[in-house]
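# Coordinate analysis (summary)
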Amino acid sequence: MGFLFLLLYGFVAGLIARALVPGKDTMGIVPTILLGVIGSLIGGVLAVVLFADRTFAGFEPAGLFGAIIGAVIALLIYRRMKTA
């Protein structure tokens, strides 16, 4: 059940990030899910760095807001690497 939640969570975060960043993306469903999951990891790391009230111990969901911010960052990095 946790794995399915992770996929759904990643899909939602990836879709919202793609909607927030202007431009055309030709990603399918799997890359969108990966974008959201990577965004969640980035958001979790940023949350630990910015709000250092606990230690980072592996994968921690950052919350949907943090996952969206992380997915936007990951999408911008992906686009920069794709055009370079």
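In short, a report on the structure. (Residues numbered from 1 in each chain as written. Predicted model: local features only at pLDDT ≥ 70, side-chain atom pairs only at ≥ 80, totals over all residues. Heavy atoms only, no water.)

### Details of the environment of Ile-33
For the record, the criterion: The secondary structure listing takes helices from DSSP runs of H or I that are at least 4 residues long and strands from runs of E that are at least 2 residues long, numbered from the N terminus. Under the scheme applied here, a residue whose accessible area is under 20% of the maximum for its type counts as buried, over 50% as exposed, and between as partly exposed, the area being computed with a 1.4 Å probe on protein chains only. Contacts are assigned to residue pairs that have any heavy atoms within 4.5 Å of one another.
Mapped onto the elements, Ile-33 comes out in helix H2 (residues 29–50). Looking at Ile-33, the relative accessible area reads 16%, which means it is buried. For Ile-33 and Val-12, which are 21 residues apart along the polypeptide, the C-alpha to C-alpha distance reads 7.8 Å. In contact with Ile-33, other than residues within four places in its own chain, are Leu-7, Gly-10 and Phe-11.

### Structural notes on the nonpolar core
Most often, soluble globular proteins keep nonpolar side chains buried together rather than apart. Counted only if it meets this: Buried residues of nine kinds, namely Ala, Val, Leu, Ile, Met, Phe, Trp, Tyr and Cys, make up a nonpolar core once their side-chain atoms join them within 4.5 Å.
In terms of nonpolar packing, the biggest core is built from twelve residues, these being Tyr-9, Ala-13, Ala-17, Val-21, Met-27, Leu-35, Ala-67, Ile-68, Ala-71, Val-72, Ala-74 and Leu-75. When residues of this core are traced back to their parent elements, those giving at least two are helix H1 (2–20) and helix H3 (64–83). Per-element accounting of this core gives the leading share, six residues, to H3. Excluding its chain neighbours within four sequence positions, the residues that come into contact with Val-72 are Ala-17, Leu-20 and Val-21.

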